[in-house]
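# Fold and geometry: a report
Okay, here's what each chain looks like letter by letter:
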Amino acid sequence: MTVTQTEQTEQTPENEAAEPAVFGRLVAIDPLDFDPDGGTEKLVIVDPYNHRKKREKGDTTEPDPALIASVEEVGVQQAIILRPQEGERDGQLGIVIGQRRTLAAYRVAKAAAQEGREYRKIPAIIRDDLRGVDDEALTVSMVENLHRRQASAQDDVDAAEQLALLVKAKKVPKARRRSLAAAIGRTEEELDAAHKVAQMDAETLEELRDEEIEFDWVELGDYDEVKDVPNAQVTLMRAKAKDEQEGNTKRGAWKTAMQELRAKKARTERIETLKAELAEKKVTTVHWVWNWSYSTARPLEELVSKIGMPMSEQGHGETCEGHAATIDPDAAEVVWLCVDWKKHGHRIAGAAQGDDGDGEPGEEEAAKAEAAREERRRVKVNNLAWRTARAGREAHIADMCKDKGEAPADVKDLIMRTLLVSDGHYVHYVGSQEHGAMLAKFLGDERLTRQPKDVVASLIKKTASKRYWWVLFAHVAGYFEAEHMKDDAWRGEPHYHHGPSVRGRIRPATAEWISFLKRHGYGVTEVEAETVATAEQEAEAEAERRAEQERQREQREAARAAWKAENPAPDEDEEEVDDGEEDYQYDDMDEEYEEPAETVENADPEAEGDADADEAEEREDVPAEDDQEDGEQE
């Protein structure tokens, strides 16, 4: 649709002759009369002196999805500025201000026309006074864009504050909220986070815009919470890029990064609190040292007294002038130490007394002590990281349980396998108090903590049949979290006899659960990823070990067959001679021994007696050391 001269005259105010037309004439433009490529057949083009006109480099004219969604919902609300063209473009109108809005309206109108739907026209002001005045047209375009950039930070804050009030008042119906969100190019999730953005200072928003960092309102609210943590901005940008690369619409990597940044912030605050407490008690504090071997100071846990007694914080503080404290930055806890353990007559725990009486350990003892110290630190740091990841993981599970649709096939498979197998860990979980606590946490109903029948009945009654799987998933998820994701699960299975200091392989269920959640949008933490990788390496090693056992077994069978071929069996009338040699052996206790399949009724008593005698003879041939070793492995 083109704007005729008659339409232009009708829309011109009566006092136009008395007042210079600096404000132009208001008209309505058909978006399909716009030519983005600047041809000569359409009425509207981009003015050659538009500040945001496409260049060979640095094109910033593309409308973002938010703007297109807004135009589709409510149309272009702010009039664009046009000016008449000259020369070969005479009769056309050039866009001075509003190129992105026009392009967004053009794309919306084009899609609507193809589908046979109606679309809105664009309000436009024609500035005849700018005809042929190129420098002023460029200036107007530049000033408009510069002012828009400067005001955008405060505009976002104001808009967020108003929307936060609407959302908090809960006077906006859900359908209307969805429409309102689309109109301003936001999502309902962003509307819920609007109150966080409303509390942000304009300087922070402006800083992000200057650095061309595009965070939505949810991300802005999160960033404002942890912006003081070192490298927070870089960490979150990488997390967002990872989610976009993986197509993770649940912000898995972002949520995990936020959980870790919150933990760092909490540790920093905890360290400041500890410093204040130590200063109040007038305790001497020293800087943290990563390797105490190169320092005159040593933590008390590594020291003993002259007579070899362990040293406590209280006892050392009362008897030693070298009593001091430092703060472990990773664990955010106080570490008590002696600033000069040699000077005050202490010894390194486990080290032999030196010739000069100073208790200095030898190189081998020092290396062992340093290895033990690093292992303690690794366990402490990983335990902390594992516990930190739990909050984010459980929040992700709770979000999954809120799904109102049909559960995916792998969710159903996991539920069926867990319920039908019902191993010892599952039986233990069902009978524990954690069962109800996990259900309450994942289903958002504290009444489920004790699992009263009326509450369970109410839950079943109000749950749609297609959501039954998600209720069962909350039950299964609680089992995995309670039984297979304990604080030290990353270290492997603790030995049933020697205790947690001796660890076995990582439980397959632990790695399976982490991998399952990752497939469903959960952002795996570093310690969780290392746990899965270690479990996979252990599984490969176990598979290779079993394959080697099978290969050796096949070799033995082949050798036995070859021997039988070279030494035929005696005739039936000849008595078989037992040479007393074993024709088989077990390489590992993991090899399973299968009992003969014949029943008791068909068994020959005399044959049983001979078998028992042979078995006793074989047991006598087995060395005692092998028995002890196999017992420990079992």
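Here the structure is a predicted model, which means the values were calculated and not measured.

### A few points about the overall build of the protein
Check the secondary structure of the protein and you find 22 helices and twelve strands. Buried positions account for 36% of the 634 residues belonging to the protein. Residue pairs in contact within the protein that sit at least 24 positions apart in sequence constitute 70% of those at least 6 positions apart. Carbon and sulfur atoms form 50% of the exposed surface of the protein, whose accessible area is close to 39,300 Å².

### Thoughts on the pattern of salt bridges
Enumeration according to the criterion identifies 40 salt bridges in this entry. Glu115 is the partner of Arg117 in a salt bridge, and the nearest nitrogen-oxygen pair spans 2.7 Å.

### Notes on the nonpolar core
Grouped burial of nonpolar side chains is what soluble globular proteins tend to show. Among the nonpolar cores identified, the biggest contains 43 residues, and Ile397, Phe473, Trp513 and Phe516 are the most heavily contacted of them. Looking at this core, the elements with two or more residues in it are α13 (363–401), α14 (409–421), α15 (424–430), α16 (434–443), α17 (453–462), α18 (468–484), α19 (508–519) and α20 (526–566). A per-element tally of this core places α18 first, with nine residues. The contact partners of Ile397, leaving out residues within four places of it in the chain, are Phe442, Phe473, Ala477, Glu481, Trp513 and Leu517. Within the second largest apolar cluster, 21 residues are counted, among which are Phe34, Val76, Ala105 and Ala124.

### Here's the deal with the sheet that holds strand β4 (residues 93–97)
Read across the sheet, five strands follow the order β1-β5-β3-β4-β2 without closing on themselves; strand pairing throughout is mixed. Sheet topology places β1 (25–29) and β2 (44–46) at the edges, where each strand pairs with a single neighbour. Sheet twist, expressed as the average angle between the axes of neighbouring strands with direction ignored, equals 40°. Strands in contact with helix α3 (residues 99–114) are β2, β3 (80–84), β4 and β5 (122–126); relative to β4, the strand with the most contacts, it is inclined by about 120°.

### Details of the packing of aromatic side chains
Counted under the stated rule, the structure contains 13 aromatic pairs. Seen in terms of ring centroids, Phe215 and Tyr223 are 6.0 Å apart; in terms of plane orientation they differ by 55°. Their pairing is tilted. Grouping residues by exposure puts Phe215 and Tyr223 together as buried. With a centroid separation of 6.2 Å and an interplanar angle of 55°, the aromatic rings of Tyr429 and Tyr479 are classed as tilted. Here Tyr429 is found in helix α15, whereas its partner Tyr479 is found in helix α18, with 50 residues between them in sequence. A residue is classified by how much of its surface remains accessible, and Tyr479, at 5% relative accessible area, is buried. Among the aromatic residues, those joined into a cluster by ring pairs are Tyr426, Tyr429, Trp470, Phe473, Tyr479, Phe480, Trp513 and Phe516.

### Points about the pairing of β3
Buried residues dominate β3, accounting for five of its five residues. Of the two faces of β3, both are covered, the one formed by Ile80, Leu82 and Pro84 as well as the one formed by Ile81 and Arg83. Summarising the sheet, β3 and β5 pair through three bridges and their orientation is parallel. Paired with Leu82 across the two strands is Ile126, which belongs to β5. Sheet topology places β3 next to β4; four bridges connect them, and they run antiparallel.

### Concerning the sheet that holds strand β8 (residues 323–328)
Read across the open sheet, the three strands follow the order β6-β9-β8; overall the sheet is antiparallel. The open sheet is flanked by β6 (298–299) and β8, the only strands paired with a single partner. Of the pairings in the sheet, the one linking β6 to strand β9 (residues 333–338) comprises two bridges and is antiparallel in character. Paired with Pro299 across the bridge in β9 is Leu337. Here helix α11 (residues 252–280) sits on the sheet in contact with β8 and β9, set at roughly 170° to β8.

### A closer look at the confidence of the model for the protein
Here the protein averages 80 in pLDDT, and 75% of its residues register 70 or above. Contacts from residues 1–21, a stretch scored under 50 in pLDDT, to residues over four places away or in other chains number 22 contacts. Below a pLDDT of 50 lies the segment residues 580–634, which in the model reaches 25 contacts outside its immediate sequence neighbourhood of four places, other chains included.

### Describing the packing of α16 against α18
Interaxial distance between α16 and α18 falls to 9 Å at its minimum, and their mutual angle equals 125°. In terms of orientation, α16 and α18 fall into the oblique class. Read as a crossing pair, α16 and α18 show a hand that is right-handed. Residue-level contacts link Glu434, His435, Met438, Leu439, Phe442 and Leu443 of α16 to Val471, Ala474, His475, Ala477, Gly478, Glu481 and Ala482 of α18. Taken together, the residues of the contact of α16 with α18 sort by class into eight nonpolar, three polar and two charged.

### Comments concerning unusual backbone geometry
Generally, phi is negative for residues other than glycine and the peptide bonds are trans, each holding for most cases. Phi at Ala332 takes a positive value of approximately 55°, unusual for a residue other than glycine. Inspection of the secondary structure puts Ala332 in the loop between β8 and β9. What makes Ala332 buried here is its relative accessible area of 7%. Despite not being glycine, Ser422 has its phi angle at roughly 50°, a positive value. Residue class for Ser422 comes out partly exposed when judged on its relative accessible area of 29%.

### Some thoughts on the state of the cysteines
The tally for this structure, following the rule as stated, stands at zero disulfides. Not part of a disulfide, Cys320 finds its nearest cysteine sulfur in Cys338, a span of 3.8 Å. With a relative accessible area of 10%, Cys320 lands in the buried category.

### Re the environment of Phe473
You can see Phe473 is positioned in helix α18. Along the primary structure Phe473 and Ile397 are separated by 76 residues, whereas in three dimensions their C-alpha atoms are 9.1 Å apart.

### Quick notes on the pairing of β1
Only one face of β1 is covered, namely the face carrying Arg25, Val27 and Ile29; the face carrying Leu26 and Ala28 is uncovered. Pairing analysis gives five bridges linking β1 to β5, with the strands arranged antiparallel. The residue bridging Leu26 from the neighbouring strand is Ile125, located in β5.

### Here's the deal with α19
The terminal C-alpha atoms of α19 lie 17 Å apart, and with twelve residues this matches the ideal 16 Å at 1.5 Å per residue to within 8%. For α19, the full list of buried residues reads Ala509, Thr510, Ala511, Trp513, Ile514, Phe516 and Leu517. Buried residues belonging to α19 abut α13, α14, α18 and α20. Immediately downstream of α19, the backbone of Gly521 shows phi near 95°, a positive value.

Basis of the calculations
- Position numbers for residues count from 1 along each chain, tracking the sequence in the order it is written.
- Totals for whole chains, interfaces and linings use all residues, but because this is a predicted model, local features are given only for residues with pLDDT of at least 70 and pairs of side-chain atoms are given and counted only at 80 or more.
- Each side-chain value is derived from all of the structure's non-hydrogen atoms; neither hydrogens nor water enter the calculation.
- Only DSSP runs of H or I reaching four residues or more are called helices, and only runs of E reaching two or more are called strands; each is numbered from the N terminus.
- The rule is simple: take the accessible area with a 1.4 Å probe, protein chains only, and divide by the maximum for that residue type; under 20% is buried, over 50% is exposed, in between is partly exposed.
- In what follows, residue pairs with any heavy atoms lying within 4.5 Å of each other are defined as contacts.
- Residue burial considers only the protein chains on display, and all accessible areas are found by Shrake-Rupley using a 1.4 Å probe.
- We count a salt bridge whenever a side-chain nitrogen from Lys or Arg sits within 4 Å of a carboxyl oxygen from Asp or Glu.
- Here, nonpolar core refers to any group of buried Ala, Val, Leu, Ile, Met, Phe, Trp, Tyr and Cys residues whose side-chain atoms link them within 4.5 Å.
- Strand pairing follows a simple DSSP-based rule, namely that at least 2 bridges must link the two strands.
- For helices, the fitted axis covers only the stretch in contact; all axes are lines through C-alpha atoms, and the angles between them, taken along N-to-C directions, range from 0 to 180 degrees.
- Stacked, edge-to-face and tilted labels apply to pairs of Phe, Tyr and Trp rings (six-membered ring for Trp) whose centres lie within 6.5 Å, assigned for plane angles under 30 degrees, over 60, and everything in between, in that order.
- pLDDT expresses how confident the predictor is about each individual residue, on a scale running from 0 to 100.
- Oblique is the label for any angle not covered by the other classes, which are roughly parallel (under 35 degrees), roughly antiparallel (over 145) and roughly perpendicular (65 to 115).
- Crossings are assigned a handedness: left-handed for a near helix turned anticlockwise from the far helix by less than a right angle, right-handed for a clockwise turn.
- Amino acid classes used here: Ala, Val, Leu, Ile, Met, Phe, Trp, Tyr, Cys and Pro are nonpolar; Asp, Glu, Lys and Arg are charged; the rest, including Gly, are polar.
- Two cysteine sulfurs form what is called a disulfide whenever their separation falls within 2.5 Å.
- The span you would expect from a helix comes to 1.5 Å times its residue count less one.

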